[in-house]
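# Observations on the model geometry
Next come the chains, spelled out residue by residue.
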Amino acid sequence: MDYGFIEKYNQPWTSGNPIRDLNPLSKLNLMIVLGLSPFVVQNYVYGFGMALLFIIISILAGCFRSFFSLYWKVLLLFGFFLFLVKAAFSPGEHVIFQIWGIRVTYESIFSGLNIVSLVLAFSGAFILFVKTTPMDEFTYMLEQKGVSHVVSFIILSSFQTITDLGQNAKIIMESQKARGIETEGNVFQRAKAYLPVIGPLILNAISSTEEKSIAMDARAFSAPVKHTYLMELPKPSIKEKIIVLGLDIIFVLLLIGRIVLWLL
Amino acid sequence: MAFIKLKNITYTYPLAKEPALRNMSCELERGKFYGVIGENAGGKTTFCNLLRGLIPHFYRGELEGEMTIDGQEIRNIDVDILSTQIGYIFQNPFTQISGVKKTVFEEIALGMENLGVPKEEIIQQVIEIAELVKIEDLLQKDPNQLSGGQRQKVAFASIIAMDTDVFVIDEPTSQLDPQGTESIFEIIDKLKKQAKTIILVEHKIDLVAEYADELIVIGQGEILAKGDVHQVLSDFSLQTRGVMFPQAALLSKALSEKGFDFPNIPVTKSECIQMLKERMR
Ligand SMILES: Nc1ncnc2c1ncn2[C@@H]1O[C@H](COP(=O)(O)OP(=O)(O)O)[C@@H](O)[C@H]1O
Ligand SMILES: [Mg+2]
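Thresholds, definitions, all that
- Residues numbered from 1 in each chain as written.
- Chains lettered and ligands numbered in written order.
- Predicted model: local features only at pLDDT ≥ 70, side-chain atom pairs only at ≥ 80, totals over all residues.
- Heavy atoms only, no water.
- Near = heavy atom within 4 Å.
- Polar contact = N/O pair within 3.5 Å; in protein donor to acceptor, adjacent residues only side chain to side chain.
- Areas by Shrake-Rupley, 256 points an atom, 1.4 Å probe, with all protein chains shown as cover.
- Nonpolar A, V, L, I, M, F, W, Y, C, P; charged D, E, K, R; others polar.
- Patch = residues over 30% accessible without salt bridge, like charges linked within 9 Å, V, L, I, M, F, W, Y side chains within 5 Å.
- Salt bridge = Lys/Arg side-chain N within 4 Å of Asp/Glu carboxyl O.
- Lys, Arg positive; Asp, Glu negative; His and termini not counted.
- Charge placed at Lys NZ, Arg CZ, Asp CG, Glu CD.
- Helix = DSSP H or I, 4+ residues; strand = E, 2+ residues; numbered from the N terminus.
- Domains from an automatic or database assignment.
- Contact = heavy atoms within 4.5 Å.
- Buried area = accessible area lost by both parts, 1.4 Å probe.
- Buried < 20%, exposed > 50% of the residue type's maximum accessible area, 1.4 Å probe, protein only.
- Pairing = 2+ DSSP bridges.

## Side note on the site of ligand 1
All names here are of chain B. Close to ligand 1 lie Tyr 13, Ala 20, Glu 39, Asn 40, Ala 41, Gly 42, Gly 43, Lys 44, Thr 45 and Thr 46, which account for all nearby residues. Within the backbone of Ala 41, an N or O atom sits 2.7 Å from an oxygen atom of ligand 1. For ligand 1, the accessible surface in isolation is 560 Å², of which the surrounding protein chains cover 60%. Classifying every residue of the shell around ligand 1 gives three nonpolar, five polar and two charged.

Structure, rendered in structure tokens:
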């Protein structure tokens, strides 16, 4: 038996990709600053630019597929519908066209673009963070900063529960299909197949959290001793710290500028 | 002094109409290997939950009677400390996988991380245990993607790795083939030789009879019998209470009905062969 892989535990964990290997807390910081900056800049070109930037970063980080498979759903579901609603119903002066109480104006279109760019930028930042940051590495860093073990367990098991929910839903839908219930087709047909299974799914998730807390207890999760960490992450480089700090400063300056403009 | 002491323990799960344990009294000693047997739904798992303090600390319900572990009243015991003293292998291995670790290696290491075992020792211990349980080839796999039998072995390894003084083990071989079962029993036997206290629920009576010091028979929430393996298994009236008997004991019973008398009831294959040899002389 070749135990070469245990070498991993004797040194800091890296993946070789400079973006993924950023410290989880740097990534969290960048997500917040980049994701929220469009709210401060308030320009949809900037917001869409950010969304595009996140797509490019996902390619560089080598996780475009997993990133985009989720992101396009957000794009479509929130982005597109939100835009339609905003464009159709926001007030405005310069009417482009008007039909059955729907009034599309230049102003409403811009307001639609604005809101969509905000949603896309922030959700893009969030999804990118989740896809480039293994949750155990994130909670490890939190614990290093003094956050309690219990909090990290809650974060980890919530993510696990979401994954389980998805998997259970898939299993149930397959069995629904096997029983001859239409699971594809139009929205109503799908809803008819989905709705009856939501209750059991959620109950299942709740009871599994109880089981999990017993399982963790069996692993001496709350043992009153100092825990050991098999994991070790590289220290953030000076360059990484400077970049993060620089972006933080720019963000704060933008924020101050926005507040000043707003007060004047 | 007895290590675990139960006096008139009755326990009812929340919302249940009937108690799952009724008026149980018994004493368990350190360093002994207890085999727990009995019919399905008799209360064996509930008994384990009680020994590990999950009753009354996780499962609320209604607990009557007195119980102490190491002299401490169960209701006042600190479960966080108890978790470092008594290892518990669940009946259902699916609920024992933590779900928060990405490889089996890290899953087995989790308990030791929580106990603060030094890193080098953890790595050493994980490899040792994996070889013992014969799951070396699973170490790099995702624990959430294992088959039932594989999970059962990983769950077993994860708890054994914590090296507590006491192990409560609930049906550890339910999903395993005969070879897998044999190797689990070999490990339990090793633990016994290290003077660990073992409470094992197991249906495979031939194996239990071979390895255990004492048997505890549980049925309908009561302790029906408790004592030395030979003594308990010479009471064939337990057959009507859903207790399985070892092949050796059944054979000797059948023979004695035909007029062959045995000085005492053999419970293992080797005892049986020995007695037959003596008889044939
Ligand atoms: N979590 C629970 N809540 C309510 N009743 C339970 C629970 N677990 C077990 N029981 C009931 O307690 C009794 C004993 O079950 P159990 O201890 O699992 O038996 P065994 O392990 O011997 O098969 C059964 O009647 C069972 O239905
Ligand atoms: Mg049971």
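## A closer look at a negative patch on the surface
Residue and element names in this part refer to chain B. Together, Glu 182, Glu 186, Asp 206 and Glu 210 give the surface a local cluster of negative charge. Secondary structure elements with two or more residues in the negative patch: helix H7 (178–193) and helix H8 (205–211). Note on placement: Asp 206 falls in helix H8.

## Remarks on the domain arrangement of chain B
All names here are of chain B. According to the domain assignment, chain B contains domain 1 (2–234) and domain 2 (246–281). On the side of domain 2, six residues touch domain 1, which itself brings eight residues to the contact. Among the residues of domain 1 in contact with domain 2, Asp 206, His 230 and Leu 233 are the three that bury the most area, contributing 64% of the side total. There are zero salt bridges connecting domain 1 and domain 2. Counting across the domain 1 and domain 2 interface gives two residue pairs in polar contact (both at pLDDT 80 or more). Those elements that provide at least two residues to the side of domain 1 that touches domain 2 are H8 and helix H9 (229–233). Here the side of domain 1 that touches domain 2 gets four residues from one element, more than from any other, and that element is H8. For the side of domain 1 that touches domain 2, the class distribution of residues is four nonpolar, two polar and two charged.

## So, the interface of chain A and chain B
Counting residues at the interface gives 37 residues for chain A, matched by 45 residues for chain B. Taken together, both faces of the contact between chain A and chain B bury some 3400 Å²; the carbon and sulfur share is 60%. When residues of chain A are sorted by the area they lose upon contact with chain B, Arg 219, Thr 228 and Leu 230 of chain A head the list and together hold 23% of the total. Note that Lys 102 of chain B is salt-bridged to Asp 136 of chain A, the shortest N-O span being 3.1 Å. At the junction of chain A with chain B, the criterion picks out 14 residue pairs in polar contact (both at pLDDT 80 or more). Counting only elements with at least two residues in the side of chain A that touches chain B, the list comes to helix H6 (149–178) and helix H7 (187–218) of chain A. If you tally residues by element for the side of chain A that touches chain B, the top one is H7 of chain A, at eight residues. Tallied by class, the residues present in the side of chain A that touches chain B amount to 20 nonpolar, nine polar and eight charged.

## What about the side chain of Ser 252 of chain B?
Residues and elements named next belong to chain B. On the secondary structure map, Ser 252 appears in helix H10 (residues 247–257). The exposure class of Ser 252 is buried, given its relative accessible area of 2%. Look past the residues within four positions of Ser 252 in its chain and what remains in contact with it is Phe 262, Ile 265 and Pro 266.

## Examining the sheet that holds strand S1 (residues 4–12) of chain B
Residues and elements named next belong to chain B. With antiparallel pairing, four strands are arranged side by side in an open sheet as S2-S1-S4-S5. Each having just a single partner strand, strand S2 (21–28) and strand S5 (72–73) make up the two edges of the open sheet. Note that S1 and strand S4 (residues 62–69) share seven bridges and pair antiparallel. What sits directly across from Leu 6, in S4, is Met 67.

## Here we look at the domain arrangement of chain A
A common measure of how large an interface is: the accessible area buried when the components associate. According to the domain assignment, chain A contains domain 1 (15–133 + 234–263) and domain 2 (146–218). Between the C-alpha centres of domain 1 of chain A and domain 2 of chain A the distance comes to 29 Å.

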